[in-house]
Amino acid sequence: MYFVSPNCGETFYLRLLLTVVRGPKSYESLRTVNNVIHNTFKLACVARGLLEDDDEWVQCLEEAAIMKSGYQLRRLFCVILTQCSPLQPLELWKRFSIHICDDLAHKIRTLFTLPNPTEGQIEDYGLYLLNQMLGEIGKSLYDFPPMPQPIENWSTVVGNRLIIEHRLLQIQAQKADTETNIGRLNSGQRSAYDAIICSVLENKGTTFFLNGGAGTGKTFLYNTIAQKCRGLGHIVVTVASSGIASLLLEGGRTAHSTFSIPLDVLENSICGFTKQSIQAELLRETKMIIWDEVPMQHKYCVEAVDRTLRDIRDNPKPFGGMTIVLGGDFRQILPVVPKGVREEIVNASLRRSDLWDDIRVLTLSLNMRLNTIDSRNADFANFLMEALRVPSWYVVQRSSSWHHKTELINDDDWQRGGVNEGPPCI
Ligand SMILES: Nc1ncnc2c1ncn2[C@@H]1O[C@H](COP(=O)(O)OP(=O)(O)OP(=O)(O)O)[C@@H](O)[C@H]1O
């Protein structure tokens, strides 16, 4: 018998019935249980006790509703629909829609200037957003009967939802006290800030690499720059290579989800969205991209984004002529190359990319996390920096062929943009 995935809906339930009903003469006879003709194969399966109930998903949503936001619950509901084949999705929706849509009254008031949205409108907008999320993975609410469809065509009012999300960030930035944060920048952060803001305001399209060890205030600077530019009405896309780091950035997402970077990225890969998509429209409107923790990303990921931006913005300059702030610390995690040897890992680094030649490096060196007024803290911070810069001075050498110079983080090397022989860096 052919394999049918549980995601195939009625076809799956038909197949399930065919495995248990003896000698069926018609589709109707398959749907008949105890002389009752059921409307769908799924209901016939339920009547035969072939399916489990949705208790598991009820418990999951009940627990999530206590601590998750409306957006996170919509994502979870989307996963439950697409991956878990709930028996009665409509019942789940009816039971939890109030939680799943709990942020939407505010959104409708802000986006559509509708002062008092009704419960029906809120739920309808929730269905619209759910449908959008399903659309990202090639599904729609039609695939999960009897889930209702959104009645209102919110897209004509909303436009590009990604751009709208950024407009909300701009409104927040305009209310924030950006000037106070700018005033708090130390001299290294301030000169980096000036260079980046100058590139944005004068449309220079420079690509920067903000280099700094742990605690040197990179995240603080990213957020200050993003806030300033958003306050001026520009769109700033903030991403990080890991989900945890993206949470520290205002409006941050992972680079993979924002740019739809393929999981198996290759030398000539491009991002997984078309020139007509809403992502492309957002990136054409974007003034600057801030990308944290780039050293842990394979250089092909950054190159794929560069290639895609040149294409969708019809501009042959690096990253389509947009100001880009890449950042991170080459002393921290390097790209993961499955079963890769040292050369392969080093080769996968951004520093081995052709893009590196066009990158302007800005360096932060003052550790802002430690209270350096206490000299013991300062000494410890310096020790850590040294241990990471020249690890072989602090560990027993395994081979005489190892040198004191470290790869990727060697000072001379920064000037030349090349990579020396030496032990793997931490
Ligand atoms: N100019 C500043 N004024 C006041 N506090 C600052 C300043 N810069 C950074 N900080 C604070 O110092 C701490 C470390 O900064 P941040 O997290 O930005 O460093 P980082 O370089 O991103 O570190 P990591 O690489 O570990 O993520 C944070 O608590 C941050 O709020």
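Presented here is a report on the structure given in the accompanying data block. Predicted model, so just to flag it, every value in this text is computed and none were measured. (Residues numbered from 1 in each chain as written. Predicted model: local features only at pLDDT ≥ 70, side-chain atom pairs only at ≥ 80, totals over all residues. Heavy atoms only, no water.)

### Concerning the site of the ligand
And then number 1: Around the ligand, a shell composed of 14 residues is seen, among which Arg 184, Gln 189, Lys 218, Thr 219 and Phe 220 lie nearest.
And then number 2: Between the ligand and the protein, one listed contact pairs an oxygen atom with a backbone N or O atom of Gly 215 at 2.9 Å.
And then number 3: One of the backbone N or O atoms of Met 368 is found 3.4 Å from an oxygen atom in the ligand.
And then number 4: Here the ligand has 630 Å² of accessible area as a free molecule, and 74% of this is covered by the chains.
And then number 5: Examining the composition of the shell around the ligand, we find that three residues originate from one element, helix H13 (residues 218-231), more than from any other. (Near = heavy atom within 4 Å. Polar contact = N/O pair within 3.5 Å; in protein donor to acceptor, adjacent residues only side chain to side chain. Areas by Shrake-Rupley, 256 points an atom, 1.4 Å probe, with all protein chains shown as cover. Helix = DSSP H or I, 4+ residues; strand = E, 2+ residues; numbered from the N terminus.)

### Things to note about unusual backbone geometry
And then number 1: Looking along the chain, the bond that leaves Pro 145 and enters Pro 146 is cis, with omega of 5°.
And then number 2: Within the secondary structure, Pro 146 sits in the loop between helix H8 (119-136) and helix H9 (154-158).
And then number 3: Residues other than glycine seldom take positive phi values, yet Ser 85 does so here, at roughly 45°.
And then number 4: Mapping Ser 85 onto the fold places it in the loop between helix H5 (70-83) and helix H6 (89-100).
And then number 5: With a phi close to 55°, Phe 319 is a non-glycine residue in the positive phi region.
And then number 6: The topology assignment puts Phe 319 in the loop between helix H17 (299-312) and strand S7 (323-328).
And then number 7: Looking at Phe 319, the relative accessible area reads 2%, which means it is buried. (Buried < 20%, exposed > 50% of the residue type's maximum accessible area, 1.4 Å probe, protein only.)

### Digging into the pattern of salt bridges
And then number 1: Scanning the model with the defined rule gives nine salt bridges in all.
And then number 2: In this structure, Asp 103 engages Arg 74 in a salt bridge whose closest nitrogen and oxygen atoms are separated by 3.0 Å. Taken together, the residues span a long stretch of sequence, with Asp 103 in the loop between H6 and helix H7 (104-112) and Arg 74 in helix H5 at a distance of 29 residues.
And then number 3: With relative accessibility at 1%, the residue Arg 74 sits in the buried group. (Salt bridge = Lys/Arg side-chain N within 4 Å of Asp/Glu carboxyl O.)

### So, the nonpolar core
And then number 1: In this structure, Phe 259, Trp 291, Leu 309 and Leu 326 are the most contacted members of the largest nonpolar core, which totals 34 residues.
And then number 2: Every element with two or more residues in this core is listed here: helix H10 (161-175), strand S4 (235-240), helix H15 (255-259), helix H16 (278-285), strand S6 (286-292), H17 and S7.
And then number 3: Setting aside anything within four residues of it in sequence, one finds Phe 259 in contact with Val 239, Cys 271, Gly 272, Phe 273, Leu 283, Ile 289, Trp 291 and Val 305.
And then number 4: Within the second largest apolar cluster, 32 residues are counted, among which are Leu 81, Trp 93, Cys 101 and Leu 127. (Core = buried A, V, L, I, M, F, W, Y, C linked by side-chain atoms within 4.5 Å. Contact = heavy atoms within 4.5 Å.)

### Considerations on a nonpolar patch on the surface
And then number 1: A cluster of nonpolar side chains, Phe 380, Phe 383 and Leu 384, forms an exposed patch at the surface whose accessible area comes to about 280 Å².
And then number 2: Among the structural elements, Leu 384 can be located in helix H19 (residues 375-389). (Patch = residues over 30% accessible without salt bridge, like charges linked within 9 Å, V, L, I, M, F, W, Y side chains within 5 Å.)

### Looking at the sheet that holds S6
Sheet strands line up and pair through hydrogen bonds in the backbone, either parallel or antiparallel.
And then number 1: Spatial ordering of the open sheet is given by S5-S4-S6-S7-S3-S8, a layout of six strands whose pairing is parallel. This sheet does not close on itself; its edge strands, each paired only once, are strand S5 (253-254) and strand S8 (359-364).
And then number 2: Summarising the sheet, S4 and S6 pair through six bridges and their orientation is parallel. The residue of S6 that forms the bridge with Val 239 is Trp 291.
And then number 3: Packed on one face of the sheet, H17 meets S6 and S7 and runs near 175° to S6. (Pairing = 2+ DSSP bridges. Axes fitted to C-alpha atoms, helices over the stretch in contact; angles between N-to-C directions.)

The values reported here are purely geometric and, on their own, carry no functional implication.
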